[in-house]
Amino acid sequence: MPRSKLLFLVSILLSGLLVAADQWTKGWIVHHFIPGEYRSLVPGYFGLTLTYNTGAAFGFLAGLDGQQRWFFVVVALGMSLFLLVWLARLETGCKLQAVALALILGGALGNLQDRVELGYVVDFILFHFGSSWFFPTFNLADAGISVGAVLVLLEQSVFATGKDRKGLL
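Residues numbered from 1 in each chain as written. Predicted model: local features only at pLDDT ≥ 70, side-chain atom pairs only at ≥ 80, totals over all residues. Heavy atoms only, no water.

(A) Up close: the packing of aromatic side chains. Counted according to the given criterion, the structure contains nine aromatic pairs. One aromatic cluster is present, formed by F46, F127, W133, F135 and F138 through successive ring pairs. (Phe/Tyr/Trp six-rings, centres within 6.5 Å; stacked < 30°, edge-to-face > 60°.)

In structure tokens form, the structure reads like this:
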């Protein structure tokens, strides 16, 4: 049983909200764009484009024959279970860590849903600098995972003293 039921429940709610927002935005983009179509929102810097990613983060392993789908499904399920246990063990004072883990969990579940249902992940957010530099296309789930990972690192290094690190494994 979680040490802090309320913190655990709020964390699960945050994860669920991220999954819902991620799936809604992916559904919207799929219905309003064709693959490869680009619409600029901030000319020269930011826009939306529909891409399908069969790989992991930023297209890693995307060139394989498709069997990586089930590998990534198993990894996401294992990581989600690990994050749930971690969240359940957090003490009441570990709010920043709970937010961080909830974002990672929500992101993992959002991309997991795509992999199971579609066999790939829908990506659509594109940052670039003119036509010379492009950041890999990503989605809200990826953003949640990235922000959550940065928050975990910050919480464990910048914001924590030795005594405050009890939330980490």
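So much for the structure itself; the text now carries on.
(B) Structural view of the confidence of the model for the chain. Taken over all residues, the pLDDT of the chain has a mean of 87, while the share at 70 or more is 83%. Per-element confidence in the chain ranges from a low mean pLDDT of 86 for strand β4 (residues 133–134) to a high of 96 for helix α1 (residues 5–32). (pLDDT = per-residue confidence, 0-100. Helix = DSSP H or I, 4+ residues; strand = E, 2+ residues; numbered from the N terminus.)

(C) The arrangement of the packing of α1 against helix α4 (residues 140–157) in detail. Two numbers describe how α1 lies on α4: the axes approach to 8 Å, and their chain directions differ by 145 degrees. Of α4, the residues touching α1 (which contributes L18, A21, D22, T25 and K26) are L140, A141 and G144. Of the residues contributing to the contact of α1 with α4, the split by class is four nonpolar, two polar and two charged. (Axes fitted to C-alpha atoms, helices over the stretch in contact; angles between N-to-C directions. Contact = heavy atoms within 4.5 Å. Nonpolar A, V, L, I, M, F, W, Y, C, P; charged D, E, K, R; others polar.)

(D) Fine view of the sheet that holds strand β2 (residues 46–53). Across the sheet, four strands lie side by side as β1-β2-β3-β4; this open sheet has antiparallel pairing. The open sheet terminates on both sides in strands that have one partner only, identified here as β1 (38–42) and β4. With six bridges joining them, β2 and strand β3 (residues 121–129) adopt antiparallel strand pairing. Its bridge partner being in β3, N53 is matched across the sheet by V121. (Pairing = 2+ DSSP bridges.)

(E) A look at the side chain of Q97. Secondary-structure assignment places Q97 in helix α3 (residues 95–118). Of the polar contacts made by the side chain of Q97, one reaches the side chain of E155; its length is 2.7 Å. (Polar contact = N/O pair within 3.5 Å; in protein donor to acceptor, adjacent residues only side chain to side chain.)

(F) Molecular detail of the environment of W86. Checked against the element boundaries, W86 lands in helix α2 (residues 68–89). The exposure class assigned to W86 is buried, which follows from its relative accessible area of 11%. The spacing of W86 and F8 is 78 residues in sequence and 9.9 Å in space, taken between C-alpha atoms. Within polar-contact distance, the side chain of W86 engages the side chain of Q97 at 3.0 Å. (Buried < 20%, exposed > 50% of the residue type's maximum accessible area, 1.4 Å probe, protein only.)

(G) Spotlight on the side chain of T49. Inspection of the secondary structure assignment puts T49 in strand β2. By relative accessible area, T49 is classed as buried at 7%. Within the structure, the side chain of T49 is placed 2.8 Å from the backbone oxygen of E37, a separation counted as a polar contact. Look past the residues within four positions of T49 in its chain and what remains in contact with it is F33, G36, E37, Y38, D123, F124, L126 and T137.

(H) Expanded view of the pattern of salt bridges. Scanning the entire structure with this criterion turns up three salt bridges. Note that R39 is salt-bridged to E37, the shortest N-O span being 2.9 Å. E37 gets classed as partly exposed once you look at its relative accessible area, which sits at 23%. A single salt-bridge network, built from bridges that share partners, covers D22, K26 and D114. (Salt bridge = Lys/Arg side-chain N within 4 Å of Asp/Glu carboxyl O.)

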